[in-house]
Amino acid sequence: PIANSRNSDVFELYFPNNMSLWRFSLSRFLSETVSLNANFGIQIRIVEPEQPDIFSIINGADIDIEGGGVNFIPITIGANYYFRKKQFRPYVGIGLGVISARSKIISGSGSISNGINQSEFSSMGKSLVFELGSGILYRIEEHIQFEINFKYSHSGRFENNVFGFNSYRGLNSSIVLHIVF
């Protein structure tokens, strides 16, 4: 996903090893062509500080390190429209909800001889979020389905900047195995 920074420049929130994204979804078919769904997700990014040289610390050198993390939690309700009633079912969907964002940054500076000062900064924000999606649902058998989808999410501005972000927007893709009861 992509988010706007506090200075209105756009930078990319890529998925390095220290980021994860999970999404839980419940769906109910109202007919063969329409389903309603409720979605809950969490996206977490941890920024680990660089490790200072242990010998520099022992020799009394000043250190200045910073680390932290941010999480985004979108909760949406939406609907999908399926173009075909067959085994292979392309669809489009929309969703509306709220996204909550939280961050915490911890920094430390100083030296062993003069003491190390630690400071902590937290921020939170919420906004409405809109989703537009498309995908393909394939019925393997009556109770097992396979899906590939793409969703674009776009939020309004957070009340406060969160980890430098003032809004949330981005494209995600999923591969899903459904077990139908």
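Please read these numbers as outputs of a predicted model, since none were measured by experiment. (Residues numbered from 1 in each chain as written. Predicted model: local features only at pLDDT ≥ 70, side-chain atom pairs only at ≥ 80, totals over all residues. Heavy atoms only, no water.)

## Remarks on the confidence of the model for the protein
Move 1: With 89% of its residues at a pLDDT of at least 70, the protein reaches an overall mean of 82.
Move 2: Element-level mean pLDDT values for the protein span from 37 in strand β1 (residues 2-4) up to 91 in strand β6 (residues 88-111).
Move 3: Long-range and interchain partners of residues 1-18, a stretch whose pLDDT sits below 50, account for 49 contacts in this model, where long-range means more than four residues apart. (pLDDT = per-residue confidence, 0-100. Helix = DSSP H or I, 4+ residues; strand = E, 2+ residues; numbered from the N terminus. Contact = heavy atoms within 4.5 Å.)

## Re the packing of aromatic side chains
Move 1: Applying the stated criterion across every chain yields a total of 5 aromatic pairs.
Move 2: Ring plane angle 80° and centroid distance 5.4 Å describe the contact between Y81 and F83, whose orientation is recorded as edge-to-face.
Move 3: Judged by relative accessible area, which is 40%, Y81 ranks as partly exposed.
Move 4: According to the relative accessible area criterion, F83 is partly exposed, its value standing at 48%.
Move 5: A ring pair is formed by Y82 and Y91, whose centres lie 5.1 Å apart and whose planes are at 45°; its orientation type is tilted.
Move 6: Chaining the aromatic ring pairs together yields one cluster made of F29, Y82 and Y91.
Move 7: R89 extends its terminal NZ or CZ atom over the ring of Y82, reaching a point 4.6 Å from the ring centre. (Phe/Tyr/Trp six-rings, centres within 6.5 Å; stacked < 30°, edge-to-face > 60°. Buried < 20%, exposed > 50% of the residue type's maximum accessible area, 1.4 Å probe, protein only. Lys NZ or Arg CZ within 6 Å of the ring centre and 35° of its normal.)

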